[in-house]
Amino acid sequence: MRDDLLPVLACPVCTEPLARTAPVQAGCRNGHRYDEAKQGHLTLLPARRRALTADTPAMVDARLRFLGRGHYAPVEQALTRAVGEATAPGVVLDVGSGPGTYLAHTLDGAGDDTAAGPAGRLGVALDLSAVAVRRAARIHAHVGAVVGDVTERLPVVDRAAAVVLDVFAPRNQHEYARVLHPEGVLVVVTPRAGHLAELAAATISVDPEKERRLHDSLTPAFTLRSSEDLTWTMALTAEDVHDVVHMGPSHHHVAPDTVFGPESVTAAVTVSTWAPTA
């Protein structure tokens, strides 16, 4: 974990900022200590939390393979533009980050400076899956990775984020509002009706009320600033189809040995940006 990212992180017990307390340890001034994993990440889970399902190694591997082939490049480009246009001070916080692929792309697009300024943002990848976070910890030199629970209080100090990214992840509007700088931006990516429609038999269908539920999940703490619908066609090999099915929640409903054929598949998502309500 980068030392300059530790003050952005909050102790899950007392919410005080963290600092380096030993070569592979971080802690707060109240004496709570957290050992850094050999991969470089921290686990900052609340003492009591609900039992949730995290991404498995097979899901993380499938996501890395699929995204690594560039099939979701339009999403990566839209996120990079949003981060590049952000002017508030602070980090890019990717909530429900998985292995940090999207976050790494946005930081590359924002610049390669070593300073934590607009041209060289630092990023925090936060996910419940320790498997995914181990990958995120090594995905980019400007990224720090944390095992945390999106549905609980985020282990991040107030107003630390210039940008919060939520890509196909659960939303926590009150926590997003707390950690986001007043001039910051929340960027949300959600699937639209028709997303992966050709794979409907093997994937979870998109709720037709998705847009309304998105609005309800973010108001009144946030105000919609912009919304862009992206639609493109992906020429997928049989391996690609396997990976896109198994990199998300559908993994839990499809047998791992199911054989797929190549497909021309539609991707349809909305990229929306939200400002904290004054």
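If you're wondering where the values come from, they're calculated on a predicted model, not measured in any experiment.

## Let's talk about the overall build of the protein chain
Okay, so step 1: Within the protein chain, the secondary structure is distributed over seven helices and 11 strands.
Okay, so step 2: Expected size for 278 residues packed as a compact globule is a radius of gyration near 19 Å; at 18 Å, the protein chain falls within 12% of this value.
Okay, so step 3: Dimensions of the protein chain, computed from C-alpha atoms along their principal axes, come out at roughly 55 × 40 × 35 Å.
Okay, so step 4: Within the protein chain, contacts between residues at least 6 apart in sequence are counted, and of these 67% link residues at least 24 apart.
Okay, so step 5: For the protein chain, the accessible area works out to roughly 12300 Å², and carbon and sulfur atoms hold 53% of it.
Okay, so step 6: The averaged location of the 32 negative side-chain charges in the protein chain is 6 Å from the averaged location of its 25 positive side-chain charges.

## Things to note about the sheet that holds strand E3 (residues 33–35)
Okay, so step 1: Overall, antiparallel pairing links the three strands, which are arranged E1-E2-E3 in an open sheet. Only two strands of the sheet have a single partner each, and these edge strands are strand E1 (19–22) and E3. Recorded for the sheet is a direction-independent mean angle of 40 degrees between the axes of neighbouring strands.
Okay, so step 2: Note: E1 against strand E2 (residues 25–27), three bridges, orientation antiparallel. In the strand pairing of E2, Ala 22 is matched with Gln 25.

## Focus: the pattern of salt bridges
A side chain with one charge can pair with a side chain of the opposite charge if their charged atoms come near.
Okay, so step 1: The full count for this structure, using the stated rule, is 13 salt bridges.
Okay, so step 2: Glu 16 is the partner of Arg 29 in a salt bridge, and the nearest nitrogen-oxygen pair spans 3.1 Å. Separated by 13 residues along the polypeptide, Arg 29 in the loop between E2 and E3 and Glu 16 in the segment before E1 bring together distant segments of the chain.
Okay, so step 3: When its relative accessible area of 70% is taken as the criterion, Arg 29 is described as exposed.
Okay, so step 4: In this structure, the salt-bridge partner of Asp 240 is Arg 69, at a minimum N-O distance of 2.6 Å. Residue Asp 240 is located in helix H7 (residues 238–246), and its partner Arg 69 is located in the loop between helix H1 (57–68) and helix H2 (73–85); the two are separated by 171 residues in the primary sequence.
Okay, so step 5: Look at Asp 240 and you get buried, because its relative accessible area is 3%.
Okay, so step 6: One network of salt bridges, in which partners are shared, links Arg 65, Arg 69, Glu 239, Asp 240 and Asp 243.

## Focus: the pairing of strand E8 (residues 161–167)
For a regular strand, side-chain orientation follows a simple rule: the groups alternate between the two sheet faces.
Okay, so step 1: Here E8 lies mainly inside the structure; seven of its seven residues are buried.
Okay, so step 2: As defined by bridge partners, strand E5 (residues 91–95) adjoins E8 across five bridges and the pair is classed as parallel. What sits directly across from Asp 94, in E8, is Leu 165.
Okay, so step 3: Sheet topology places E8 next to strand E9 (residues 180–191); six bridges connect them, and they run parallel. When the bridges of E9 are listed, Leu 165 appears paired with Val 187.
Okay, so step 4: Note that the unit made of E8, helix H5 (residues 173–179) and E9 has a crossover that is right-handed.

## Digging into the packing of aromatic side chains
Okay, so step 1: Overall, the coordinates contain three aromatic pairs when judged by the stated rule.
Okay, so step 2: For the pair Tyr 72 and Trp 232, a centre-to-centre distance of 5.9 Å together with 90 degrees between the ring planes defines the contact as edge-to-face. Pair noted here: Tyr 72 is in the loop between H1 and H2 and Trp 232 is in strand E10 (residues 222–236), with a separation of 160 residues, a long-range link. No difference in accessibility class separates Tyr 72 from Trp 232, as the two residues are buried.
Okay, so step 3: A connected cluster of aromatic rings, assembled from ring pairs, spans Phe 66, Tyr 72, Phe 168 and Trp 232.

What counts and what doesn't
- Along each chain, numbering runs from 1 in the same order as the chain's sequence is written.
- pLDDT decides what is reported in this predicted model: residues at 70 or higher carry local features, side-chain atom pairs at 80 or more are listed and counted, and totals for whole chains, interfaces and linings draw on all residues regardless.
- Side-chain metrics rest on all non-hydrogen atoms present in the structure, leaving aside hydrogens and water.
- Only DSSP runs of H or I reaching four residues or more are called helices, and only runs of E reaching two or more are called strands; each is numbered from the N terminus.
- It is over C-alpha atoms that the radius of gyration is taken, and the globule rule equals 2.2 Å times the number of residues to the power 0.38.
- Throughout, a contact is declared for two residues whenever any of their heavy atoms are within 4.5 Å.
- Note on areas: these come from Shrake-Rupley sampling with a 1.4 Å probe, and a residue is covered only by the protein chains present in the view.
- The convention is simple: Lys and Arg are positive, Asp and Glu are negative, and His and the chain ends are not counted.
- To locate a charge, take NZ of a lysine, CZ of an arginine, CG of an aspartate or CD of a glutamate.
- Here the rule is simple: two strands pair whenever DSSP picks up at least two bridges between them.
- Note on geometry: axes are C-alpha line fits, over the in-contact stretch for helices, and angles between N-to-C directions span 0 to 180 degrees.
- The rule for a salt bridge is simple: a side-chain nitrogen of Lys or Arg has to be within 4 Å of a carboxyl oxygen of Asp or Glu.
- Partly exposed describes any residue whose relative accessible area lies between the buried limit of under 20% and the exposed limit of over 50%, with all areas from a 1.4 Å probe on protein chains only and scaled to the type maximum.
- Handedness of a crossover is defined as follows: with both strands directed away from the viewer, a clockwise route from the first strand across the helix to the second makes it right-handed.
- Aromatic rings from Phe, Tyr and Trp, with only the six-membered ring used for Trp, were paired whenever their centres fell within 6.5 Å, and each pair was classed as stacked if the ring planes differed by under 30 degrees, edge-to-face if by over 60, and tilted otherwise.

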